[in-house]
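Structure assessment
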Amino acid sequence: MTQWHPQTEQLVEYAAGSCNTGMSVAISVHLHYCKHCRERVSELESATAVLFETQAPAPVADGTFDQLMQRIQREPTVEPVRKPAPQQRFPRALQSLLPESLDELNWRHPMKNLSVSHLLTDETGMIIGLHHMKAGGRVPNHTHRGDEINVVLEGGFSDQMGSYGEGDFVFRTDNDTHAPQADAHEDCLMLSVVTAPVKLTGPLGWLVNPFIKP
Ligand SMILES: [Zn+2]
């Protein structure tokens, strides 16, 4: 059961189709695991559809508001986000960016416990990739020159702000410094979307930035 969700504004943008690709992939992946947010997005999409329909120029007459309310109540439920075929390991929005095997990706190992692979840089410069932390592995304190989203795919991790499991949507801004540590018993695989390269702080800050060059 997911406990960490996108912010309402992020879901509104997603439902309106105005997210950039990085945010859109991150939210789509979260929705795969989170019934609560799937339902919210369905409601928001219905509301958005009604708004677009009502933007057509039409004479305003008495009863327009009542008609609108009737239409909203009649709106069919938007189909829930489809789940991937059972043989797929990951949600479809992510699977479509991946080769057949994760071994085919160009993994780099900026730290002993951390492997990263770059999948895509989107139209706004957001970097979409995978992070793999070894069981019990810890990433040194770091902050970001922008936003960072992690969606847990397998395993779990924790940091100063909480503990996160499968499907959790962890959003950090450049005000946050954190040192994630994978759960002790299992490796942690995450979708990672960052707006700018990670900047390590503290004594290991000199380490090569995992995202600067492939
Ligand atoms: Zn959610």
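Definitions and cut-offs
- Residues numbered from 1 in each chain as written.
- Predicted model: local features only at pLDDT ≥ 70, side-chain atom pairs only at ≥ 80, totals over all residues.
- Helix = DSSP H or I, 4+ residues; strand = E, 2+ residues; numbered from the N terminus.
- Buried ≥ 20, exposed ≤ 12 C-beta atoms within 10 Å, placed from the backbone.
- Contact = placed C-beta atoms within 7 Å.
- Pairing = 2+ DSSP bridges.
- Core = buried A, V, L, I, M, F, W, Y, C linked by C-beta atoms within 7 Å.
- Domains from an automatic or database assignment.
- Axes fitted to C-alpha atoms, helices over the stretch in contact; angles between N-to-C directions.

A word on the overall build of the protein chain
When helices and strands are tallied, the protein chain shows 5 helices and 11 strands. When the 214 residues of the protein chain are sorted by exposure, 29% land in the buried category. For the protein chain, the proportion of contacts with a sequence separation of at least 24, taken over those separated by at least 6, is 69%.

A few points about the sheet that holds strand β6 (residues 157–159)
Sheet strands line up and pair through hydrogen bonds in the backbone, either parallel or antiparallel. An order of β7-β6-β9 is seen for the 3 strands of this open sheet, with the pairing classed as antiparallel. Looking at which strands have only one partner, the edges of the open sheet turn out to be β7 (162–164) and β9 (181–182). One ladder, built from 2 bridges, connects β6 with β9; its direction is antiparallel. Each residue of the ladder has a partner; that of Phe157, found in β9, is Ala182.

Quick word on the nonpolar core
Counting 38 residues, the largest nonpolar core has Val25, Ala26, Val29, Val151, Met190, Leu191 and Val193 as its most contacted members. Residue contributions to this core peak at 7 residues, all from helix α2 (residues 21–33). Lining this core are residues from two domains, each supplying at least three of them: domain 1 (8–93) and domain 2 (97–204). Setting aside chain neighbours within four positions, we find Met190 in contact with Leu130, His131, Asn150, Val151, Val152 and Leu153.

Comments concerning the sheet that holds strand β10 (residues 188–194)
Strand order in the open sheet formed by 6 strands is β1-β2-β3-β10-β5-β8, with antiparallel pairing between adjacent strands. Two strands bound the open sheet, and with one partner strand each, they are β1 (107–111) and β8 (169–172). Taken over all neighbouring pairs, the strand axes of this sheet differ in orientation by 25° on average, direction set aside. Relative to β10, strand β5 (residues 148–154) runs antiparallel, the two being bridged by 6 bridges. Counted as the bridge partner of Asn150 is Ser192 from β10. Against the sheet, α2 makes contact with β3 (127–133), β5, β8 and β10, and its axis sits at roughly 150° relative to β10, the strand it touches most.

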